[in-house]
Every structure is written in C-alpha cells, then in structure tokens.
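Close look at the chain arrangement
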Amino acid sequence: MKTVAIIDYGMGNLHSAKKAVEHVAPDTTVLVTDNAGKIREADHVILPGVGAIRDCMAEIRRLGVDTLVREVSQDRPFLGICVGMQALMSRSEENGGVDCIGLFPSEVRYFGDHLTENGERLKVPHMGWNQVHQTIDHPLWHNIPEGDRFYFVHSFYAEAEGNADMAGRTHYGVDLAAAVARDNIFAVQFHPEKSARAGLQLLENFTNWTGKS
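Residues numbered from 1 in each chain as written. Predicted model: local features only at pLDDT ≥ 70, side-chain atom pairs only at ≥ 80, totals over all residues. Heavy atoms only, no water.

Description of the overall build of the chain
Within the chain, the regular secondary structure consists of 6 helices and 16 strands. On C-alpha atoms alone, the chain measures out to a radius of gyration of 16 Å, which is about the 17 Å that the 2.2 N^0.38 rule sets for 213 residues. Its C-alpha atoms put the chain at 55 × 40 × 30 Å along the principal axes. For the chain, with 213 residues in total, the buried portion stands at 53%. Counted over contacts in the chain with a minimum sequence separation of 6, partners at least 24 positions apart contribute 69%. (Helix = DSSP H or I, 4+ residues; strand = E, 2+ residues; numbered from the N terminus. Rg over C-alpha atoms; globule rule 2.2 N^0.38 Å. Buried < 20%, exposed > 50% of the residue type's maximum accessible area, 1.4 Å probe, protein only. Contact = heavy atoms within 4.5 Å.)

Set out below in structure tokens:
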C-alpha cells in the first residue's frame, strides 16, 4: 500500500490536509508524523505550513526537517503547501529577513500595506478564491481547467517575474507564483485542501504522480 507522509513540525493545517488526501486516495496510508524514519519510508511527502515563516523555519531547523526535506525530495514526489512552499525558497523578507531551506532561488516578498488594483485598495492578507493560470504542462494540473480557482490565505508571495520554476501564476495587485515545480517537487501557495474540486483533483494527481515529470 502506498504511503503519504505529512511532515508534522507543529506548523501546518495537518488535520484537513490528511482528510483531503484520504478522501482522494482511500487505498493510501496517510501519516501525520515528525518521525524521520517514517518520512524516509513514505512514497510521497507533503510539507504543509501556516503562520509566520520565522517560527516555521525555527521549528524546521530545530527538528532537522530542513535536512530531511532536502533528502527526501530528491527521490520521490514532494508537495509543499502555503508556507510550506515559502519555506522551500531561498529567503523571505518577513520579520526583517529569514533564510529558508533554499531548494528554489526565489525570494518571498511582502504585498505591502498599500496594495491597489485599478485605484482600489486591496486587503492584505490575500484571502479568498483566485484564478490560477498554468504556466507549464505538469501532471499535477491533470483534469484541472486552465484558470480554475483555488483558495489563498497569505501576506507574502514568491515573485512571478523572472521565476524559471513557476508552474502557475495568479494576480493580486502583483503577479505572483501560485505554484513552482522542479524535478520531484511541486509546491503551491494556495491551500488545495480548502479548494473544493480543483484542490482535491490536485491532491489526487499528487498521489498518482511518480515524480520528475
């Protein structure tokens, strides 16, 4: 039986992510765990994340999750979600600057306190449903229409401009990377577990993915 490990480092939407994966892949064992041995044994690995990146990275480093992520993402499908995606970048400007795991070269930016669109003030955080435009052909977009909507909650983002790893783009005052991909890694800024049909399809695609598209 296939196993999906959701890394528990104390900062993530663990329960809903587990339930969503179990729903789309009922024949899969889904573990929420901080046990490095069980994570290494899993066929697929998910890094979730919510909250402040400084707190997330502090726990990731304290528990050795950064080293573990670099290891397991080399040889099996790996999915980062929300702050879990941001943690894979090189650095975030949140809290004056935080070094991240560094699997992607992009930096994470703050939307700003005066974000506008067509003269109207936009609320930060970016919270709610927004269209995602697929910028590459990837197995995780299978059966998801171009421009489908996903659910976002975030105040920081990875830039779209010049982002060679971008797999999906959305716009909220600025263009931002809604998804990035490289080799065995796919990571999303939105919450697939909260994104209804499209999000469940993406999670199902992930459980069926063999990596390195």
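Once you've had a look at it, read on.
What to know about the sheet that holds strand 14 (residues 166-172)
Strand order in this open sheet of 8 strands is 2-1-3-4-16-15-14-11, and the pairing throughout is mixed. A single partner strand is all that each edge strand has here, and the edge strands are strand 2 (29-33) and strand 11 (133-134). (Pairing = 2+ DSSP bridges.)

Re the pattern of salt bridges
Applying the stated rule across the entire model yields 11 salt bridges. In this structure, Arg62 and Glu59 form a salt bridge, with 2.8 Å as the shortest nitrogen-oxygen distance. With Arg62 and Glu59 both in helix 3 (residues 53-62) and 3 residues apart, the pair spans about one turn of that helix. Among the ionic pairs, Arg76 bridges to Asp75, the shortest N-O distance being 2.9 Å. Taking relative accessible area as the criterion, Arg76 reaches 10% and is therefore assigned buried. Salt bridges sharing partners connect three or more residues here, namely Glu93, Glu107, Arg109 and Glu159. (Salt bridge = Lys/Arg side-chain N within 4 Å of Asp/Glu carboxyl O.)

Looking at the pairing of strand 14
With 5 of 7 residues buried, strand 14 is to be regarded as a mostly interior element. In this sheet, strand 14 lies alongside strand 11 in antiparallel orientation, the contact comprising 2 bridges. Bridge pairing in strand 14 links Gln134 to Gly168. Alignment of strand 14 against strand 15 (residues 174-182), held across 6 bridges, turns out to be antiparallel. Note that in strand 15 the partner of Thr170 across the bridge is Leu176. What sits between the antiparallel neighbours strand 14 and strand 15 is a turn of 1 residue, in which Gly173 has the positive phi angle 80°.

Things to note about the state of the cysteines
Under the counting rule described, the total for this entry stands at 0 disulfides. Free cysteine: Cys100, not disulfide-bonded; nearest cysteine sulfur from Cys56 at 9.5 Å. When its relative accessible area of 6% is taken as the criterion, Cys100 is described as buried. (Disulfide = S-S within 2.5 Å.)

Considering the UniProt feature "active site" (unreviewed entry) in the chain
What UniProt calls "active site" (unreviewed entry) maps, in this numbering, to Cys82, His191 and Glu193. Sequence-wise these annotated residues cover 112 residues; spatially they are packed, their C-alpha atoms never more than 10.8 Å apart. Summarising the element assignment, Cys82 is placed in the loop between strand 4 (78-81) and helix 5 (83-86). A relative accessible area of 3% means that Cys82 is categorised as buried. Sequence-distant contacts of Cys82, that is, excluding residues within four places in its chain, are made with Gly49, Val153, Val188, Gln189, Phe190 and His191. Along the chain, the position of His191 falls in the loop between strand 16 (185-188) and helix 6 (196-208). The exposure class of His191 is buried, given its relative accessible area of 3%. Every residue in contact with His191, bar those within four places of it in the chain, is listed here: Gly49, Val50, Ile81, Cys82, Tyr151 and Val153. Reaching out from His191, the side chain makes a polar contact with the side chain of Glu193 at a distance of 2.8 Å. (UniProt positions renumbered as here; feature names shortened; annotations may be inferred. Polar contact = N/O pair within 3.5 Å; in protein donor to acceptor, adjacent residues only side chain to side chain.)

Quick notes on the nonpolar core
In this structure, Leu88, Trp141 and Phe186 are the most contacted members of the largest nonpolar core, which totals 66 residues. Among all residues touching Phe186, those that are not within four sequence positions of it are Phe78, Leu79, Gly80, His138, Leu140, Trp141, Ala167, Ala179, Val180, Ala181, Leu202 and Trp209. Residues Phe111, Leu115, Leu122 and Leu176 belong to the second largest nonpolar core, which totals 6 residues. (Core = buried A, V, L, I, M, F, W, Y, C linked by side-chain atoms within 4.5 Å.)

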